[in-house]
Amino acid sequence: MTAPVSAAPSFAGLALDRPRLMAVINATPDSFSDGGEAFALEDALNRGRAFIAEGADILDVGGESTRPGATPVSAQEEIRRVVPVIEALAAEGGLVSIDSRRAEVMRAAVKAGARIINDVSALQGEGALDAAADLGVPVILMHMQGEPGTMQDNPTYDDVVAEVRDGLLARARACRNAGIAAQDIALDPGIGFGKTVAHNLSLLANLDRLTETGHPVVLGVSRKSYIAKIDRDVPPGERVAGSVATALAAWDRGVRIFRVHDVAEHRQALAVYRAIAETGGKGS
Ligand code: HH2
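Residues numbered from 1 in each chain as written. Predicted model: local features only at pLDDT ≥ 70, side-chain atom pairs only at ≥ 80, totals over all residues. Heavy atoms only, no water.

Asker: Sorry, what's going on with the overall build of the protein chain here?
Answerer: Each helix and strand in the protein chain was counted, giving 10 helices and 10 strands. A compact globule built from 284 residues should have a C-alpha radius of gyration of about 19 Å, and the protein chain, at 18 Å, falls within 12% of that. With the C-alpha coordinates of the protein chain rotated into their principal frame, the extents come out at 60 × 40 × 40 Å. Residue burial in the protein chain is summarised as follows: out of 284 residues, 54% are buried. As displayed, the protein chain offers around 12400 Å² of accessible surface, 50% of which is attributable to carbon and sulfur atoms. (Helix = DSSP H or I, 4+ residues; strand = E, 2+ residues; numbered from the N terminus. Rg over C-alpha atoms; globule rule 2.2 N^0.38 Å. Buried < 20%, exposed > 50% of the residue type's maximum accessible area, 1.4 Å probe, protein only. Areas by Shrake-Rupley, 256 points an atom, 1.4 Å probe, with all protein chains shown as cover.)

Asker: Mind showing me how you'd approach unusual backbone geometry here?
Answerer: It is generally the case that most residues other than glycine have a negative phi and that most peptide bonds are trans. In this structure, Ala12 takes a positive phi of about 55 degrees despite not being glycine. With respect to the helices, strands and loops of the structure, Ala12 is situated in the loop between strand S1 (10–11) and strand S2 (14–15). For Asp233, which is not glycine, the phi dihedral falls at a positive 55 degrees. By secondary structure assignment, the location of Asp233 is in the loop between helix H8 (225–230) and helix H9 (240–252).

Asker: It is not clear to me how the environment of Leu169 should be interpreted in this structure. Could you clarify?
Answerer: Topologically, Leu169 is positioned in helix H5 (residues 160–177). Take Leu169: its relative accessible area is 10%, and that puts it in the buried class. As a C-alpha pair, Leu169 and Lys224 span 55 residues in sequence and 25 Å in three-dimensional space.

Asker: Sorry, what's going on with the pattern of salt bridges here?
Answerer: Opposite charge on two side chains allows them to pair when their charged atoms are near. All told, the structure shown has 17 salt bridges when counted by the stated rule. Residue Asp17 pairs with Arg18 through a salt bridge whose shortest N-O separation is 3.1 Å. For Asp134, the salt bridge is made with Arg107, and the minimal N-O distance between the two is 3.2 Å. Remark: Arg107 occurs in helix H3 (residues 103–112) and Asp134 occurs in helix H4 (residues 128–135); sequence separation between them is 27 residues. The exposure class of Asp134 is exposed, given its relative accessible area of 57%. (Salt bridge = Lys/Arg side-chain N within 4 Å of Asp/Glu carboxyl O.)

No statement about biological role is implied by the geometric values presented.
Have a look at this one:
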């Protein structure tokens with residue numbers, strides 16, 4: 001058993017007594033949700049600045065799309081895409097996370113100023129766990145069944161909630177054994193990564209099973225396809241309301257860090273939702 005992490009946590013210096021928004025910045029030409037518009041450095045920087053102005057706490061920079069069918073890129077190409085963006089955003093004071101599965105990219109990104117590692121394969125890539133432990137930065141461990149190219153072919157679980165939680169706790173233990181402090185390990189159920197809509201909904205309805213571990217929980221649901229499967233097959237740009245609705249449900253279940261494309265919408269919805277909850281039901 002992994003010992004519970006102490007209550008009232010913070011992550012990467014951010015107190016988790018309020019929602020924290022991690023804005024997605026794709027330094028890729030082929031990410032499904034934004035069509036690669038942030039590929040050019042100047043666009044990525046403008047996007048990062050706008051996200052900070054809208055209230056983003058973390059800027060999540062990635063150079064490899066994990067969308068099924070995306071073209072694979074070399075580590076050198078990934079580094080070439082992300083390093084200039086990270087250097088510029090970190091120099092402007094942004095708290096940057098690197099979204100990568102590769103040890104060499106993690107090292108280059110942290111050298112460039114990234115202060116969090118976000119890995120959709122939970123540091124299972126060659127050398128990734130050692131790199132993260134050496135670099136001494138907080139990590140986000142995401143659950144994925146299979147590999148990005150084929151993970152949606154036939155995802156299968158006996159008990160998706162238990163298996164995702166146990167899998168993540170096993171990775172958290174591996175991190176602790178490698179020397180990463182418990183409070184520097186956040187968990188993410190990996191919505192859409194080797195999961196059917198039914199699996200995603202079970203995980204979302206039972207997020208408290210993850211938050212009760214005491215680890216900070218990160219959730220990435222923004223514009224994902226389960227929203228379209230529930231509502232009219234709408235394209236990614238029309239999935240903002242479904243993303244926000246999911247964030248509110250997740251807030252109630254203890255999630256505090258949200259990976260989003262639409263910072264202003266999430267900030268406002270969570271602020272209003274919390275203001276109502278904190279006012280209580282009695283009236284004056
Ligand atoms: N989802 C994507 C990428 N990275 N990281 C975490 N921690 N959690 C997630 O749910 C998650 C993630 C989605 O993949 P991608 O194809 O890169 O789309 P985009 O970056 O536009 O969201």
